[in-house]
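Architecture at a glance
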Amino acid sequence: WENPETTNGDRIIFMWSEKRAERDKKTRADILAKIEKKLTARATPKRFIGNSNYRQYLRGFDDGKVEWNHDAIKDAEKSDGFFPITNNNQDLPPE
């Protein structure tokens, strides 16, 4: 797994933090709880369209039947705790 470079030659190093992972998990749980509340209230698709945090976990906007996008939720769980750091010093080793 190699670190990607930006267009100007900087390196992007991905870090992981347990504290960040816990925060990401809690944030997602809060968002999912708000979505669940709106779904239970039989909200129209318009109630979700304006909020990108909601849209990423839902599907079915085109046909008017909004439902959970379980694949997107699982994908979001995989990135918990990861964050990028940009480095322009090419002399430093990636480790």
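Going by the structure above, here's the rest.
Anyway, here's the lowdown on the structure attached to this text.

Cut-off values and rules
Residues numbered from 1 in each chain as written. Predicted model: local features only at pLDDT ≥ 70, side-chain atom pairs only at ≥ 80, totals over all residues. Heavy atoms only, no water. Buried < 20%, exposed > 50% of the residue type's maximum accessible area, 1.4 Å probe, protein only. Helix = DSSP H or I, 4+ residues; strand = E, 2+ residues; numbered from the N terminus. Arc of directions from axis to C-beta. Core = buried A, V, L, I, M, F, W, Y, C linked by side-chain atoms within 4.5 Å. Salt bridge = Lys/Arg side-chain N within 4 Å of Asp/Glu carboxyl O. Expected span 1.5 Å × (residues − 1). Contact = heavy atoms within 4.5 Å. Polar contact = N/O pair within 3.5 Å; in protein donor to acceptor, adjacent residues only side chain to side chain. Patch = residues over 30% accessible without salt bridge, like charges linked within 9 Å, V, L, I, M, F, W, Y side chains within 5 Å. Areas by Shrake-Rupley, 256 points an atom, 1.4 Å probe, with all protein chains shown as cover.

1. Here we look at helix α4 (residues 70-78)
For α4, every residue scored as buried is listed here: A72, I73 and A76. The buried residues of α4 all sit within an arc of 100 degrees when viewed along its axis, so they share a single face. The exposed residues of α4 that point more than 90 degrees off its buried face are D71, K74 and K78.

2. Description of the nonpolar core
Counting residues in hydrophobic clusters, the biggest one holds 10 residues: I31, L32, I35, F48, Y54, Y57, L58, V66, I73 and A76. Broken down by secondary-structure element, the contributors of at least two residues to this core are α1 (18-40) and α4. Top contributing element to this core by residue count: α1, with three residues.

3. Observations regarding the pattern of salt bridges
Here the idea is simple: oppositely charged side chains can pair when their charged atoms come close. Tallying each qualifying case throughout the model produces five salt bridges. Of the charged contacts, one joins E67 and R59 as a salt bridge, the two residues approaching to 3.2 Å between their closest N and O atoms. Note on E67: relative accessible area 33%, which makes it partly exposed. Of the charged contacts, one joins D75 and K78 as a salt bridge, the two residues approaching to 3.7 Å between their closest N and O atoms. With D75 and K78 both in helix α4, this residue pair falls three residues apart, about one helical turn.

4. Describing α1
Structural remark: α-helix, 3.6 residues per turn; residues separated by three or four positions point the same way. With 23 residues, α1 extends 33 Å from end C-alpha to end C-alpha; this agrees with the ideal 33 Å at 1.5 Å per step. Those residues of α1 not exposed but buried are A21, D24, R28, I31, L32 and I35. Those residues of α1 that are buried are in contact with β1 (11-16), α2 (46-49), α3 (52-55), β2 (58-59), β3 (67-68) and α4. Residue S17 occupies the N-cap position of α1, its side-chain oxygen lying 3.3 Å from the main-chain nitrogen of K19. Just past α1, the residue R42 takes up positive phi, approximately 55 degrees.

5. Section: a nonpolar patch on the surface
Judged by side-chain polarity, F14, W16 and F82 come together as a nonpolar surface patch covering roughly 320 Å² of accessible area. Note on W16: relative accessible area 49%, which makes it partly exposed.

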